[in-house]
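Spelled out from the first residue to the last, the chains are:
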Amino acid sequence: MSFKLGSAAVVIGLALAGAAQAECFADYKAKQDNPLRLHYGVVALPDTACSKTAAKGVITPRLQRGGWTLLNVLSIFGPEGLAERKANAGAYYLSF
Amino acid sequence: MRVPITSPSESLRAGNRVVAGGITAIILILFGTAVFLFLNLPDANAFNARVERLFVENDGLTTGAEIKLLEILAQSGTAFSEVLSSYRVVIFVLLVFATALMIAALVFLVTIVALNRRISAIQRSGIQVSSLFISRESNAVYINDLEFKLTEAAIETLSVLAEARMDDDVMTGAQIEGVISGRDASDCDEAAGAVRVKRLRDTLGNQLVSELLVKTIARRGYVLAVGKDVIRMV
């Protein structure tokens, strides 16, 4: 019993550790031109950029390195919102 | 009725001015049309921009399938933009053709006007000899395809005058007589040459007038060979 509890605690601890660096996430829409390609993605933000306007400044250069242009930031959310967005973001889940 | 006198060079200059002005006007009008047409053609990226706006404005459009669908829509728009660029080329070629045709039409119009003027000038100036063909064998001379029979002596005189004309020479009566009789001009009488010229004028003039002016209609009589409307009496 205590072993099970302990392992559960480790699992939770590990899961939290992954997100521990960032308590703050954003979902956004981006595009590429010629031909037009679109994607919806989720990124982790540093704690200092937990607003939509600050997030824009952080996400834009990150996307540009991958050849994408940021269209808009939809929302800022905590770790609890990650699960529901994971499926939609697909390949762009926490990839930038 | 008096017709205002214009010199040929003056009308030529006026014609050139009309051509230059007309060509400028045609090019300006068609260039304006081309610019208007090209500006009014939808931009090739218009479709992509619409799809992008659709994507941005609808927060719900986040699933992978929906995004794929939007991308396919945008791709069909890109195909449409290729059609547009081919339209552009077609329009450009057609406009160039239209310009060339209009310029050609203008030049032809001006040419026709100039030709009409020349023709009316020729009509007013009387008989215009455009060809003179002397046939010594058949003793005939063909003036503008009209055949006139002459005596041997008259043909000689005409030939001598024609040869002198080709050399840009003017001959005295004595010289004409000298060439025809084969003697030196100083031994010849001026009057003899004058008589030859008079005979040539008589026979040729008589036939010319009867061909061009006073016609003989066999077994019926004589008639003037001019239009009714050009006759005027004072």
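Predicted, not measured: the structure shown is a model, and the values here were computed from it.

1. Some thoughts on the overall build of chain B
In terms of helices and strands, chain B carries six helices and five strands. Out of the 234 residues belonging to chain B, those deemed buried represent 10%. Put simply, 43% of the contacts in chain B that link residues at least 6 apart link residues at least 24 apart.

2. Notes on the interface of chain A and chain B
Chain A puts 13 residues into the contact, and the matching count from chain B is 15 residues. In terms of residues, the side of chain A that touches chain B owes the most to one element, strand β2 (residues 37-45) of chain A, which gives four residues. Looking at the side of chain A that touches chain B, its residues break down into six nonpolar, four polar and three charged.

3. Section: the sheet that holds strand β3 (residues 69-77) of chain A
All names here are of chain A. If you trace the three strands from one edge of the open sheet to the other, you get β2-β1-β3, paired in antiparallel fashion. Strand pairing shows two members of the sheet lacking a second neighbour, β2 and β3, which therefore form its edges. Going from strand to strand, the sheet's axes swing by 20 degrees on average, the running direction of each strand aside. Sheet topology note: the strand β1 (residues 24-32)/β3 ladder contains seven bridges and is antiparallel. Counterpart to Ala30 in the pairing with β3 is Leu70. Sheet contacts for helix α3 (residues 82-89): β1 and β2; angle to β2, the most-contacted strand, approximately 150 degrees.

4. Let's talk about helix α2 (residues 46-57) of chain B
Residues and elements named next belong to chain B. For α2, which comprises twelve residues, the first-to-last C-alpha distance of 16 Å matches the rise-based estimate of 16 Å (1.5 Å per residue) to within 8%. All buried positions along α2 are accounted for by Phe47, Asn48, Val51, Glu52 and Phe55. Buried residues of α2, viewed axially, fall in a sector of 135 degrees; they line one side. Exposed residues pointing more than 90 degrees away from the buried face of α2 are listed as Arg53 and Glu57.

5. Side note on the pairing of strand β4 (residues 214-217) of chain B
Residues and elements named next belong to chain B. As judged from the four bridges shared by β4 and strand β5 (residues 221-224), these two strands associate in the antiparallel manner. Bridging from a neighbouring strand, Thr216 pairs with Tyr222 of β5. Where β4 folds back on β5, the antiparallel hairpin that results is connected by three residues, among which Arg219 adopts a positive phi of roughly 60 degrees.

6. Concerning the nonpolar core
Residues and elements named next belong to chain A. Among the nonpolar cores identified, the biggest contains 17 residues, and Ala26, Tyr28, Val43, Ile59 and Leu63 are the most heavily contacted of them. At the level of elements, β1, β2, α2 (52-65) and β3 are the ones that each hand at least two residues to this core. Per element, the largest residue contribution to this core is five residues, and it comes from β1.

7. Points about the pairing of strand β3 (residues 146-149) of chain B
All names here are of chain B. Alignment of strand β2 (residues 140-143) against β3, held across four bridges, turns out to be antiparallel. Considered in β3, the bridge of Ile143 is made with Leu146. The hairpin turn running from β2 into β3, its antiparallel successor, is two residues long, and Asn144 in that turn takes a positive phi close to 50 degrees.

8. Observations concerning the sheet that holds strand β1 (residues 132-135) of chain B
Residue and element names in this part refer to chain B. One open sheet holds the three strands; their spatial order is β1-β2-β3, and the pairing between them is antiparallel. Each having just a single partner strand, β1 and β3 make up the two edges of the open sheet. This sheet shows a mean twist of 20 degrees between the axes of neighbouring strands, independent of strand direction.

9. Examining the confidence of the model for chain A
Residues and elements named next belong to chain A. For chain A, the average pLDDT comes to 80, and 77% of its residues sit at 70 or higher. Ranking the elements of chain A by mean pLDDT puts helix α1 (residues 2-20) last with 49 and β1 first with 91. This stretch, residues 10-20, has a pLDDT under 50; its non-local contacts, to residues over four places away or in other chains, come to one contact.

Cut-off values and rules
- Residues numbered from 1 in each chain as written.
- Chains lettered and ligands numbered in written order.
- Predicted model: local features only at pLDDT ≥ 70, side-chain atom pairs only at ≥ 80, totals over all residues.
- Helix = DSSP H or I, 4+ residues; strand = E, 2+ residues; numbered from the N terminus.
- Buried ≥ 20, exposed ≤ 12 C-beta atoms within 10 Å, placed from the backbone.
- Contact = placed C-beta atoms within 7 Å.
- Nonpolar A, V, L, I, M, F, W, Y, C, P; charged D, E, K, R; others polar.
- Pairing = 2+ DSSP bridges.
- Axes fitted to C-alpha atoms, helices over the stretch in contact; angles between N-to-C directions.
- Expected span 1.5 Å × (residues − 1).
- Arc of directions from axis to C-beta.
- Core = buried A, V, L, I, M, F, W, Y, C linked by C-beta atoms within 7 Å.
- pLDDT = per-residue confidence, 0-100.

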